[in-house]
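Spelled out, the chains give:
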Amino acid sequence: MSVQERKQREQAERERLIVATARELAEQQGWDAVTTRKLAERIEYSQPVLYSHFRGKREIIGAVALEGSAELAATLRAATESADGPRARVTALARAYLDFAERHQAVYDAIFQLDGGLAFAQEDTPEPLKDAFAALRETLGEVAGDGVHPALFTELFWASLHGIATLTRAGRQPREFTDLRIELLVDRLTVV
């Protein structure tokens, strides 16, 4: 292995450590607790080392969002794989999405609530974000109905799931009715 290859590998490992530590700290204490000073202390590197990888917290949030988007896409695809029929796949997708939002709140916030400097729904949208949307569209496109644009239907369904996730988390909707909300959403929006 060349010196250059070793340096690149070490740099990638440090970046993974920074992102993992930021994610862990955010899950434990919230994103306000994630500062370059705390990260530097936790990973035992100086703040200038952190800045050599990321220009600041915004880029770290963006890196967590990209990683989380890839995880969300994999989670949604895994949930729908074994479901039998379009309606069951949509229900499984909705449950998996809401479960991901609940179990990974800091990651969910990084993807959808915080400014990580990432472009959504544009040509320069990063691939992990496009793939997370594609994972939704793969299942939702088959139940959009005739004459309904699959991407627009996916956006509407996704917005509904996002609303359920954020309103439930904020305590504005009782958690015990989540399954009923999913059932109603699937009943009203899907054409099967």
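For clarity, every value in this text was computed on a predicted model and none was experimentally measured.

Asker: Tell me about the overall build of the protein chain, and name the residues and values.
Answerer: Assigned secondary structure in the protein chain consists of nine helices and zero strands. Reading the helices (α) and strands (β) of the protein chain from amino to carboxyl end gives α-α-α-α-α-α-α-α-α. Taking the principal axes of its C-alpha atoms as reference, the protein chain extends roughly 55 × 40 × 30 Å. Considering only intrachain contacts with a sequence separation of at least 6, the fraction spanning at least 24 residues in the protein chain is 64%.

Asker: Can you explain the UniProt feature "domain: HTH tetR-type" (unreviewed entry) in the protein chain? Please cite residues and give values.
Answerer: If you check UniProt for "domain: HTH tetR-type" (unreviewed entry), the listed places come out as residues 12-72 in our numbering. A distance of 22 Å separates the end C-alpha atoms of residues 12-72, which is 80% helix and 0% strand.

Asker: Could you give me a rundown of the side chain of Asp109, with the residues and numbers involved?
Answerer: Position of Asp109 relative to the elements: it lies in helix 6 (residues 105-112). Overall, Asp109 belongs to the buried group, its relative accessible area being 14%. Not counting residues up to four positions away in its chain, the partners in contact with Asp109 are Trp31, Leu114 and Arg169.

Asker: Account for the UniProt feature "DNA-binding region" (unreviewed entry) in the protein chain, with residues named and values stated.
Answerer: Residues annotated by UniProt as "DNA-binding region" (unreviewed entry) correspond here to residues 35-54. Here residues 35-54 runs as 75% helix and 0% strand, with 12 Å between its end C-alpha atoms.

Asker: Account for helix 5 (residues 86-103), with residues named and values stated.
Answerer: The end-to-end C-alpha distance of helix 5 is 25 Å, a good match for the 26 Å that 18 residues give at a rise of 1.5 Å each. Among the residues of helix 5, those classed as buried are Val90, Thr91, Ala92, Leu93, Ala94, Ala96, Tyr97, Leu98, Phe100 and Ala101. Where helix 5 is buried, its residues contact helix 4 (57-81), helix 6, helix 7 (127-140), helix 8 (150-169) and helix 9 (178-189).

Asker: Go over the packing of aromatic side chains, please, and point to the residues and values.
Answerer: This structure, assessed with the given rule, holds six aromatic pairs. Ring geometry for Tyr108 against Phe112: centres 4.8 Å apart, planes inclined by 55 degrees, an arrangement best described as tilted. Of this pair, Tyr108 and Phe112 both sit in helix 6, four residues apart, roughly one helical turn. Residue class for Phe112 comes out partly exposed when judged on its relative accessible area of 21%. Taking 6.1 Å as the distance between ring centres and 40 degrees as the angle between the ring planes, the aromatic pair formed by Phe153 and Phe157 counts as tilted. With a gap of four residues between them, Phe153 and Phe157 both fall in helix 8, about one helical turn apart. Pair check on accessibility: Phe153 and Phe157 agree, each one buried. Every member of this aromatic cluster is reached through a ring pair, and the members are Tyr97, Tyr108, Phe112, Phe133 and Trp158.

Asker: Any chance you could break down the nonpolar core for me, citing the residues and the numbers?
Answerer: Trp31, Leu76, Tyr97, Phe157 and Leu161 are the most contacted members of the largest nonpolar core, which has 47 residues in total. Of all the secondary-structure elements, those providing two or more residues to this core are helix 1 (3-29), helix 2 (36-43), helix 4, helix 5, helix 6, helix 7, helix 8 and helix 9. Excluding its chain neighbours within four sequence positions, the residues that come into contact with Phe157 are Val90, Ala94, Leu140, Leu185, Val186, Leu189 and Thr190.

Conventions used here
Starting afresh in each chain, residues are numbered from 1 along the sequence in its written order. With the structure being a predicted model, the display of local features is reserved for residues of pLDDT at least 70 and the display and counting of side-chain atom pairs for 80 or more, all residues being used for whole-chain, interface and lining totals. Side-chain metrics in this entry use all non-hydrogen atoms of the structure; hydrogen atoms and water are not considered. Secondary structure follows DSSP: runs of H or I at least 4 residues long count as helices, runs of E at least 2 residues long count as strands, and numbering of each begins at the N terminus. In what follows, residue pairs with any heavy atoms lying within 4.5 Å of each other are defined as contacts. UniProt positions are given in the numbering used here, feature names are shortened, and annotations may be inferred rather than shown by experiment. Burial classes: relative accessible area under 20% of the type maximum marks a residue as buried, over 50% as exposed, and values in between as partly exposed (1.4 Å probe, protein chains only). In this analysis, the expected span of each helix is defined as 1.5 Å times one less than the number of residues it contains. For Phe, Tyr and Trp, where Trp contributes only its six-membered ring, two rings pair if their centres lie within 6.5 Å, and the inter-plane angle classes them as stacked under 30 degrees, edge-to-face over 60, or tilted in between. We define a nonpolar core as any set of buried Ala, Val, Leu, Ile, Met, Phe, Trp, Tyr and Cys residues linked to one another through side-chain atoms lying within 4.5 Å.

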